[in-house]
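Residue-level structure breakdown
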Amino acid sequence: YDPIKGPDRLIKIAREFFRKNENYSLTIAGGGWKDSMIPDGLKTKVFLAGNVSNISELYQKAAVLLFTSYTEGYPNVLVEASVSGTPIVGFEAGDSKLILHEYDLGYNVKNQKEFISLLTHITDTPPSSEKKASAIKKQLKILDFSLTVKEYKEFIAL
């Protein structure tokens, strides 16, 4: 739990989304959250998982990752989710645009209305297993760290 991660945005989005989508729930992974931070009307829909040792399992089960941060550096959560084939809807923060630019299941949004619209679209028409596999394969090539190392070596050699 950190205010820069946009917990206020997350709660507003969850509240609005659950009004029309009762079959979904929200799992929040990570430390710092307390039950008292969840509004009474959402308590039955929100699960506080705490720190999770096998986060990839959560990504693979998730219908979509909600990225609500106001500011970030290089958000690892987007890399982890994208190489798991998890659809992502998120506000632009830090390198999110760079990470999601080529990811076929990733969407950067500018406001809550756009966020809810994309979230609803993804949950109404989830990507197929084939589309997820294709997105993972493409993202693994794009995020291959050896490319970053090569760029650093070339830069240092100048």
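Residues numbered from 1 in each chain as written. Predicted model: local features only at pLDDT ≥ 70, side-chain atom pairs only at ≥ 80, totals over all residues. Heavy atoms only, no water.

With respect to the sheet that holds strand β3 (residues 65–67)
The following threshold applies: Pairing between two strands requires that DSSP report at least two bridges joining them. The secondary structure listing takes helices from DSSP runs of H or I that are at least 4 residues long and strands from runs of E that are at least 2 residues long, numbered from the N terminus. Axes, fitted as lines to C-alpha atoms, cover a helix only where it is in contact. Angles between the N-to-C directions of the axes lie from 0 to 180 degrees.
Taken in spatial order, the 3 strands line up as β3-β4-β5 in an open sheet, and their pairing is parallel. At either end of the open sheet lies a strand with only one pairing partner, and these are β3 and β5 (106–109). Averaged over all pairs of adjacent strands, the angle between strand axes in this sheet comes to 15°, irrespective of strand direction.

Observations regarding a nonpolar patch on the surface
Note the threshold: Like-charged residues within 9 Å of one another, or nonpolar side chains (Val, Leu, Ile, Met, Phe, Trp, Tyr) within 5 Å, are grouped into patches, provided each residue has over 30% relative accessible area and no salt bridge. Surface accessibility follows the Shrake-Rupley procedure with a 1.4 Å probe radius. Residue values consider only the protein chains on display as shielding. Only one rule defines a salt bridge in this text: a Lys or Arg side-chain nitrogen within 4 Å of an Asp or Glu carboxyl oxygen. Classification of residues uses two cut-offs on accessible area relative to the type maximum, computed with a 1.4 Å probe and protein chains only: under 20% is buried, over 50% is exposed, and between them is partly exposed.
On the surface, Y152, F155 and I156 cluster together into a nonpolar patch covering about 420 Å² of accessible area. For I156, a relative accessible area of 65% corresponds to the exposed category.

Structural notes on the nonpolar core
Which entries qualify depends on this criterion: The criterion is simple. A nonpolar core is a set of buried Ala, Val, Leu, Ile, Met, Phe, Trp, Tyr and Cys residues joined through side-chain atoms within 4.5 Å. Only heavy atoms matter for contacts: two residues are in contact if any of them lie within 4.5 Å across the pair.
Grouped together as the largest cluster of nonpolar side chains are 22 residues, with contacts concentrated most on L26, I28, I38, L42, L66, V89 and F115. Where this core is concerned, the elements lending two or more residues are α1 (7–20), β1 (26–29), β4 (88–91) and α5 (112–124). When sequence neighbours within four positions are dropped, the list of residues in contact with I38 reads I11, I28, W33, K43, V46 and L48.

Regarding α1
Condition: Take the number of residues in a helix, subtract one, and multiply by 1.5 Å to get its expected span.
End to end, α1 covers 21 Å across 14 residues, agreeing with the expected 20 Å (1.5 Å per residue, within 8%). For α1, the complete set of buried residues consists of P7, R9, L10, I11, I13, A14, F17 and F18. Close packing links the buried residues of α1 with β1, β3, β4 and α5.

Concerning the packing of aromatic side chains
Put simply, the rule reads: Each Phe, Tyr or Trp ring (for Trp, its six-membered ring) is paired with any other whose centre lies within 6.5 Å, and the angle between the two planes then decides the class: stacked below 30 degrees, edge-to-face above 60, tilted in between. When the NZ atom of lysine or the CZ atom of arginine is within 6 Å of a ring's centre and also within 35 degrees of its normal, the charge is said to sit over that ring.
Evaluation of the coordinates by the stated rule reveals 4 aromatic pairs. Ring centres of Y1 and W33 lie 4.9 Å apart, and the angle between their planes is 90°; on these two criteria the pair is classed as edge-to-face. Of the two residues, Y1 is situated in the segment before α1 and W33 in the loop between β1 and β2 (46–50); the sequence distance between them amounts to 32 residues. Judged by its relative accessible area of 43%, Y1 is partly exposed. Looking at W33, the relative accessible area reads 17%, which means it is buried. Aromatic ring contacts, followed pair by pair, group F17, F18 and Y24 into a single cluster. The ring of Y70 has R9 lying over it, and the distance from NZ or CZ to the ring centre is 3.9 Å. Between the NZ or CZ atom of R9 and the centre of the ring of F91, over which it lies, the distance is 3.8 Å.

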